Amino acid sequence: MAKKPQTLKFDLLISGAGVVGMTLAYSLASQGLKVAIVDTLDIEKSLGDEFDGRSYAISYAPYVMLKTIGLWDKIGAEAQPINEIHVTDGESPVFLHFDQRELGDGPLGQMVEVRHIRSGLYDAIKDHENITLFCPDKILASENLSEHVKIDLESGVTLTASLLVSAEGRGSTLREQNDIKVRVWDYKQTGIVTTVEHELPHQGIAHEKFFPSGPFAILPLKDNRSSIVWCEPPERAKTIIGLSERSFNAELSKKFGSFLGEVKSLGQRWAYPLTMQLADDYTAARFCLIGDAVHGIHPIAGQGFNLGLRDIAALSEVLVDAHRLGGDIGSELVLERYVSWRRTDNNILALGMDGLTRLFSNDNALVTFARRAGIAAVEELPEVKKFFMSHARGTVGKLPKLLKGETL
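Residues numbered from 1 in each chain as written. Predicted model: local features only at pLDDT ≥ 70, side-chain atom pairs only at ≥ 80, totals over all residues. Heavy atoms only, no water.

### Focus: the sheet that holds strand β11 (residues 149-153)
So, step 1. Across the sheet, four strands lie side by side as β1-β12-β11-β10; this open sheet has mixed pairing. This sheet does not close on itself; its edge strands, each paired only once, are β1 (7-9) and β10 (139-144). Mean inter-strand twist for the sheet, computed between neighbouring axes without regard to direction, equals 20°.
So, step 2. Strand direction decides the pairing type here: β1 and strand β12 (residues 158-161), joined by three bridges, are parallel. Note on β12: the bridge partner recorded for L8 is L159. (Pairing = 2+ DSSP bridges. Helix = DSSP H or I, 4+ residues; strand = E, 2+ residues; numbered from the N terminus. Axes fitted to C-alpha atoms, helices over the stretch in contact; angles between N-to-C directions.)

Here it is, written out as structure tokens:
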């Protein structure tokens, strides 16, 4: 007789064991929800520095959230505070300077290497009593029913829950299966990412240099190191990636400048095509999108991961409230509260980053004059600078409890 497939019941299913999926799982499991995470990836094999060389700038409000739910101690041991940000337009002497002392309540953000975030998150979830990992495994089929959602895994296990969340990133297959369309804008730029070492200390200062070919960001890390995000047209980026170590460091030094002394790459380089994409809808029946699955933006201001963390804060509050009241966490009414909370914020920031990218990746003389005049004007207006800093820190608008440091 054939063995009957095993069926396991949870409150929530998450597809995607990336940093957003793992953070959401921990946030909800800590409030008593039973959570399953499914991913084709073997998480333990993705914890080395060869898997992902990026670093994330975690802004102030998401940092507060991570502290509140007990994750910061697990992922932030190697964090480098961002004390100041210098913004320049090419080689122009005009600059914009943001300083934490102008707000007086802590750093502008925290720089953390993705490998440390992934490792800390995995340590937090792997033995959690309310989290079950199906990694590596694969979703073969999903079905949204009136009272629950059901997924069949390649391993032969069937999982059911009130809600299925896609934290699969930009290429979400579940988003496509739920007929949610995506609008995509191609910047015709490639982001080159590497970690560099320099002679002089960076003093916790991040630098954003804008060139017609794309932005060049120097983001401070621990121990006289910085993470570089170097944007160039695809063909030029391909050439740069293929250079020998000596030639690559020579090109890097030209772009970087000499203000931190001699600079050299510490090994691997990664290349990412740069696009913006926004999903038309956030939800379907017993299904919702979160993080890059619903919004992917240009890394011009390092806000991509922060948007995902803000999604988590809102979705966690909505689902926990419903769960405590004995409600259906996968109902349309509950999910609509999440959508109404996040759509405007996500769209405004995504379109704002798009506008900045197009404004600065432009060598038209009139546009260049106007933006440099704008930079000079903002630098002389303290209240305007505070407004921009507050938005970048994620402390503006109706905030979910976790972003304010309040427990659920």
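Moving on from the model shown.
### With respect to the pairing of strand β2 (residues 12-15)
Consecutive side chains of a regular strand alternate in pointing toward one face of the sheet and then the other.
So, step 1. Side chains L12 and I14 of β2 all project onto a buried face; the interleaved residues L13 and S15 project onto the opposite face, where all are buried too.
So, step 2. Note: β2 against strand β3 (residues 35-38), four bridges, orientation parallel. Across the sheet, L13 pairs through a bridge with A36, a residue of β3.
So, step 3. Remark: the β2/helix α1 (residues 19-29)/β3 crossover connection has right-handed handedness.
So, step 4. Bridge count between β2 and strand β13 (residues 163-166): four bridges; the pairing is parallel. Within β13, the position partnered with I14 by the bridge is V165. (Buried < 20%, exposed > 50% of the residue type's maximum accessible area, 1.4 Å probe, protein only. Right-handed = clockwise from strand over helix to strand, strands pointing away.)

### Observations concerning a positive patch on the surface
So, step 1. Residues R324, K398, K401 and K404 make up a contiguous surface patch of positive charge.
So, step 2. One can find K404 in the segment after α11 (382-393). (Patch = residues over 30% accessible without salt bridge, like charges linked within 9 Å, V, L, I, M, F, W, Y side chains within 5 Å. Areas by Shrake-Rupley, 256 points an atom, 1.4 Å probe, with all protein chains shown as cover. Salt bridge = Lys/Arg side-chain N within 4 Å of Asp/Glu carboxyl O. Lys, Arg positive; Asp, Glu negative; His and termini not counted. Charge placed at Lys NZ, Arg CZ, Asp CG, Glu CD.)

### Regarding the pattern of salt bridges
So, step 1. One pass over the full model with this rule turns up 18 salt bridges.
So, step 2. Its salt-bridge partner being D311, residue R342 comes within 2.7 Å of it at the nearest N-O pair. Of the two residues, R342 sits in helix α9 (residues 332-360) while D311 sits in helix α8 (residues 304-324), which places them 31 residues apart along the sequence.
So, step 3. Given the relative accessible area of 5%, R342 is considered buried.
So, step 4. By relative accessible area, which is 0% here, D311 ends up buried.
So, step 5. The network of salt bridges with shared partners includes E232, R236, E251, K254 and K255.

### Digging into the packing of α1 against helix α4 (residues 114-125)
So, step 1. With their axes 10 Å apart at the nearest point, α1 and α4 run at an angle of 30° to one another. The handedness of the crossing between α1 and α4 comes out as left-handed. Two secondary-structure elements touch here, α1 through V19, M22, T23 and Y26 and α4 through I117, R118, L121, Y122, A124 and I125.
So, step 2. Split into classes, the residues belonging to the contact of α1 with α4 amount to eight nonpolar, one polar and one charged. (Left-handed = near helix turned anticlockwise from the far one by under 90°. Contact = heavy atoms within 4.5 Å. Nonpolar A, V, L, I, M, F, W, Y, C, P; charged D, E, K, R; others polar.)

### Focus on empty space enclosed by the protein
So, step 1. A full pass over the atoms with the stated rule returns one cavity of 30 Å³ or more.
So, step 2. Quantified by volume, the largest cavity comes out at close to 30 Å³.
So, step 3. Mapped onto the lining of the largest cavity, the elements with two or more residues apiece are β16 (214-221) and β17 (225-232).
So, step 4. Across the lining of the largest cavity, the residue classes break down as six nonpolar, one polar and one charged. (1 Å grid on protein atoms, 1.4 Å probe; cavity = no way out; pocket = protein on both sides within 12 Å on 5 of 7 lines; lining within 4 Å. Points joined across faces, edges and corners; volume = space filled by probe spheres on them.)

### With respect to α4
So, step 1. Counted at 1.5 Å a residue, the expected span for α4 with its twelve residues is 16 Å, and the 16 Å between its end C-alpha atoms agrees.
So, step 2. When α4 is considered as a whole, its buried residues turn out to be V114, I117, R118, G120, L121, Y122, A124 and I125. (Expected span 1.5 Å × (residues − 1).)

### Description of the sheet that holds β13
So, step 1. Spatially, the six strands line up as an open sheet ordered β9-β3-β2-β13-β21-β20, and their pairing is mixed. Edge strands, defined here as strands with exactly one partner in the open sheet, are β9 (131-134) and β20 (283-284).
So, step 2. Packed on one face of the sheet, α1 meets β2, β3, β9 and β13 and runs near 170° to β3.

### Considerations on α8
So, step 1. An ideal rise of 1.5 Å per residue puts 30 Å on 21 residues; α8 measures up with 31 Å between its terminal C-alpha atoms.
So, step 2. Buried residues dominate α8, accounting for 17 of its 21 residues.
So, step 3. The first or second residue beyond α8 is G326, which carries a positive phi of 75°.

### Considerations on the packing of aromatic side chains
So, step 1. Tallied over the full model, the rule gives nine aromatic pairs.
So, step 2. Judged by centre distance (5.8 Å) and plane angle (45°), the rings of W230 and F248 are tilted. Here W230, found in strand β17, pairs with F248, found in helix α7 (residues 245-256); they are 18 residues apart in sequence, far enough to count as distant.
So, step 3. In this structure W230 comes out as buried when scored by relative accessible area, which is 1%.
So, step 4. Taking the centre distance of 6.2 Å and the plane angle of 65° together, the rings of Y282 and Y338 count as edge-to-face. Taken as a pair, Y282 in the loop between β19 (270-279) and β20 and Y338 in helix α9 lie far apart in primary sequence, 56 residues in all. Across the pair, Y338 and Y282 agree in class, each one buried.
So, step 5. Of the aromatic side chains, those joined through ring pairs into one cluster are F216, W230, F248, F256 and F259.
So, step 6. Between the NZ or CZ atom of R54 and the centre of the ring of Y272, over which it lies, the distance is 5.0 Å.
So, step 7. Above the ring of W341, the side-chain terminus of K398 is found at 5.4 Å from the ring centroid. (Phe/Tyr/Trp six-rings, centres within 6.5 Å; stacked < 30°, edge-to-face > 60°. Lys NZ or Arg CZ within 6 Å of the ring centre and 35° of its normal.)

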